[in-house]
Amino acid sequence: MAKWDSSGSNLAFQLPQWMQIQLTEQKQAEFNKRPGKIGRRSFSRSISQSSTDSFSSAPSESDSSEDEGTPRDKVQKNSKGSSDFCIKNIKQADFGRREIEIAEQEMLALVALRKRAQGEKPLSGAKIVGCTHITAQTAVLIETLAVLGAQCRWAACNIYSTQNAVAAALAEAGFSVFAWKGESEYDFWWCIDRCVNLEGWQPNMILDDGGDLTHCIYKKYPHVFNKIKGIVEESVTGVHRLYQLSKAGKLCVPAMNVNDSVTKQKFDNLYCCRESILDGLKRTTDVMFGGKQVMICGYGEVGKGCSAALKALGAIVYVTEIDPICALQACMDGFRLVKLSEVIRNVDIVITCTGNKNVVRREHLDRMKNGCMVCNMGHSNTEIDVASLRMPELTWERVRSQVDHIIWPDGKRIILLAEGHLLNLSCSTVPTFVLSITATTQALALIELYNAPEGRYKQDVYLLPKKMDEYVASLHLQTFDAHLTELTDDQAKYLSLNKNGPFKPNYYRY
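Residues numbered from 1 in each chain as written. Predicted model: local features only at pLDDT ≥ 70, side-chain atom pairs only at ≥ 80, totals over all residues. Heavy atoms only, no water.

A. Examining the pairing of strand β14 (residues 395–400) more closely. In this structure, β14 lies alongside strand β15 (residues 403–407), joined through five bridges in antiparallel fashion. Opposite Thr-395, over in β15, you have Ile-407 as the bridge partner. (Pairing = 2+ DSSP bridges. Helix = DSSP H or I, 4+ residues; strand = E, 2+ residues; numbered from the N terminus.)

Next comes the structure, spelled out in structure tokens:
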């Protein structure tokens, strides 16, 4: 029974004995003890069962990726009789079309670009082969390119990020799409090859995300690569590959580095990841962030977004960084800069955001505490050494879609998300408005390269012209009913600027 103090004045309340939790050192040790082998199976079973009934887990279509068989084994046709595609299920087309229509409501700038340029058809004659995440937002981009005159063939740049219903809607609309959620590595390269290798059709433009499509064409179809008019690349990984080709003197076409454009870096990388990191973690693990110790590997724009989001929800955030400038920014933003090895035993969540390889190695994974979550926010699945976890002494248990327990012989387990692939697009979705900014930038880059006069661009890697960056931003300002201040003639003369821009030099750091 509850007890009051003797005076009755200050209402000091004493919990009944059965509600009092007193952890002695021995009981505390038992509480923190790793689950033993005996209880392992029932523990994972209970979680798996509850996750199938939970609306907080990944979207329902993701479960279909684990069905037996592969779409390569069956022939599907759309309502017009075409079979030049390979997707999970063409019957999902109606649902995918509704997804695309919803995305269009948040991509008004891209739709505005479509309406402004459709009369001129600036991409008439362009044959674009694309390899990006196939989502509702990408579908809006693909359909925009088609309205502007381009022919498009598309594959996915990530084996987990394809929205099957959206791929079905694109196939039903007549686009040659080769992608489904849960592809094997063989499927992944097979789909890219099907996009490129079509008798009587040869691409003259590449839109890539990660560089795999460019790499495939360069290695396997050099005669096609030599006739490409331009490459547009949007990821750190893909841009790095392009600069390697350029440095080696093997890049025989001009390429546009969209990743380092201001509108991509500051909005897609920073603001998008600031929101989508939370979405991905919540959907897969239902984790509460308050009080958690989180390790962010890399403090570029992606790392900055992830760190800010987790700090805002009460997490204790550590940062690793190789660049002293980014490292100083992390310190000035209130984060503790450490080496991964210094805190790996204590952290609850490890997130990689570097674009590098083997950032989290087996030596780190072995030292992680029981229940530590590990995920990647970089493009490629190279940042976490997942291969080192596929060893006989370790047990893998699938808990729910994109969530695996990796269990050590002593019973310790870590939680690996999306098998080290990009978390936000593999396990959740990303904000449509931000993707509108990136998609508009990609469309303008394709238009610029395709229509550029002879000699404007040489066989090298270029940044998007500053004027185009500003144009993309101005299109999206209309969503907020924002009103830009205009320079007077006297002010423009004083700053030596054109009243219509560009307003900053190329070396300006936003």
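B. Fine view of the sheet that holds strand β6 (residues 205–208). Within the open sheet, the seven strands sit side by side as β5-β4-β3-β6-β7-β8-β17. Their pairing is parallel. Two strands lie at the open edges of the sheet, namely β5 (176–178) and β17 (461–463), each paired on one side alone. Ignoring strand direction, the axes of neighbouring strands in this sheet form an average angle of 20°. Taken together, the three bridges between strand β4 (residues 151–156) and β5 define a ladder with parallel strand orientation. In the strand pairing of β5, Ala-155 is matched with Phe-178. Across the sheet, helix α7 (residues 185–196) touches β3 (127–132), β4 and β5, and the angle it forms with β4 is around 170°. (Axes fitted to C-alpha atoms, helices over the stretch in contact; angles between N-to-C directions. Contact = heavy atoms within 4.5 Å.)

C. Looking closely at the sheet that holds strand β12 (residues 349–352). The sheet built from eight strands is open, its strands ordered β11-β10-β9-β12-β13-β16-β15-β14 with mixed pairing. With one partner strand each, in any of the chains shown, β11 (336–337) and β14 form the two edges of the open sheet. Contacts between helix α11 (residues 262–285) and the sheet are confined to β12, β13 (373–376), β14, β15 and β16 (413–417), with β16 contributing the most and set at about 125° to the helix.

D. The arrangement of the packing of helix α17 (residues 432–451) against helix α18 (residues 466–477) in detail. Orientation of α17 relative to α18, taken along the N-to-C sense of each, is 140°, at an axis distance of 10 Å. By the criterion of interaxial angle, the relationship of α17 to α18 is oblique. Handedness of the α17/α18 crossing: right-handed. Every residue of α18 that contacts α17 at Phe-433, Ser-436, Ile-437, Thr-440, Thr-441, Leu-444 and Glu-448 is listed here: Met-468, Tyr-471, Val-472, Leu-475 and His-476. Here the residues of the contact of α17 with α18 sort into seven nonpolar, four polar and one charged. (Parallel < 35°, antiparallel > 145°, perpendicular 65-115°, else oblique. Left-handed = near helix turned anticlockwise from the far one by under 90°. Nonpolar A, V, L, I, M, F, W, Y, C, P; charged D, E, K, R; others polar.)

E. Local environment of the confidence of the model for the chain. Here the chain averages 87 in pLDDT, and 87% of its residues register 70 or above. The low-confidence segment residues 1–13 (pLDDT under 50) makes 12 contacts with residues lying over four places distant or belonging to another chain. The low-confidence segment residues 23–67 (pLDDT under 50) makes 54 contacts with residues lying over four places distant or belonging to another chain. (pLDDT = per-residue confidence, 0-100.)

F. Representation of the nonpolar core. Ranked by internal contacts, the top residues of the largest apolar core, which has 54 residues, are Leu-123, Ile-128 and Leu-145. Here this core gets 10 residues from one element, more than from any other, and that element is α17. With sequence-adjacent residues up to four places away left out, Leu-145 is seen in contact with Leu-123, Ile-128, Ala-150, Cys-152, Trp-154, Ala-443 and Leu-446. In terms of nonpolar packing, the next biggest core, distinct from the first, is built from 32 residues, Val-294, Ile-351, Leu-423 and Cys-427 among them. (Core = buried A, V, L, I, M, F, W, Y, C linked by side-chain atoms within 4.5 Å. Buried < 20%, exposed > 50% of the residue type's maximum accessible area, 1.4 Å probe, protein only.)

G. A look at α11. When the terminal C-alpha atoms of α11 are compared, their 33 Å separation across 24 residues agrees well with the 34 Å that a helix rising 1.5 Å per residue should span. With its phi angle positive at about 55°, Asp-286 sits one or two positions after the end of α11. (Expected span 1.5 Å × (residues − 1).)

H. Layout of the packing of aromatic side chains. Enumeration over the complete set of coordinates arrives at eight aromatic pairs. Ring centres of Tyr-457 and Tyr-462 lie 5.0 Å apart, and the angle between their planes is 75°; on these two criteria the pair is classed as edge-to-face. For Tyr-457, a relative accessible area of 16% gives the class buried. The ring of Tyr-450 carries the charged tip of Lys-229 above its face, separated from the ring centre by 4.5 Å. For the cation-ring pair, Arg-390 lies above Trp-396, with the distance from its terminal atom to the ring centre recorded as 4.2 Å. (Phe/Tyr/Trp six-rings, centres within 6.5 Å; stacked < 30°, edge-to-face > 60°. Lys NZ or Arg CZ within 6 Å of the ring centre and 35° of its normal.)

I. Summary view of the pattern of salt bridges. Within the structure shown, the criterion is met by 19 salt bridges. Of the charged contacts, one joins Arg-241 and Asp-212 as a salt bridge, the two residues approaching to 3.0 Å between their closest N and O atoms. Placement of the pair is Arg-241 in helix α10 (residues 236–247) and Asp-212 in helix α8 (residues 212–220), with a sequence separation of 29 residues. Judged by relative accessible area, Arg-241 falls into the partly exposed class, the value being 29%. Taking the relative accessible area as the measure of exposure, Asp-212 reaches 14% and is therefore buried. A salt bridge links Asp-489 to Lys-499; the shortest N-O distance between them is 3.0 Å. (Salt bridge = Lys/Arg side-chain N within 4 Å of Asp/Glu carboxyl O.)

J. How the structure looks around helix α13 (residues 324–332). Restricting attention to buried positions, one finds in α13 the residues Cys-326, Ala-327 and Ala-330. Buried residues of α13, viewed axially, fall in a sector of 105°; they line one side. With respect to the buried face of α13, the exposed residues turned more than 90 degrees away are Pro-324, Ile-325, Leu-328 and Met-332. Structurally, α13 contributes buried residues whose contacts are with α12 (301–312), β10 (316–320) and β11. N-cap assignment for α13: the residue whose side-chain oxygen lies 2.8 Å from the backbone N of Ile-325 is Asp-323. Of the residues flanking the end of α13, it is Gly-334, one or two places downstream, whose phi is positive at about 95°. (Arc of directions from axis to C-beta. Polar contact = N/O pair within 3.5 Å; in protein donor to acceptor, adjacent residues only side chain to side chain.)

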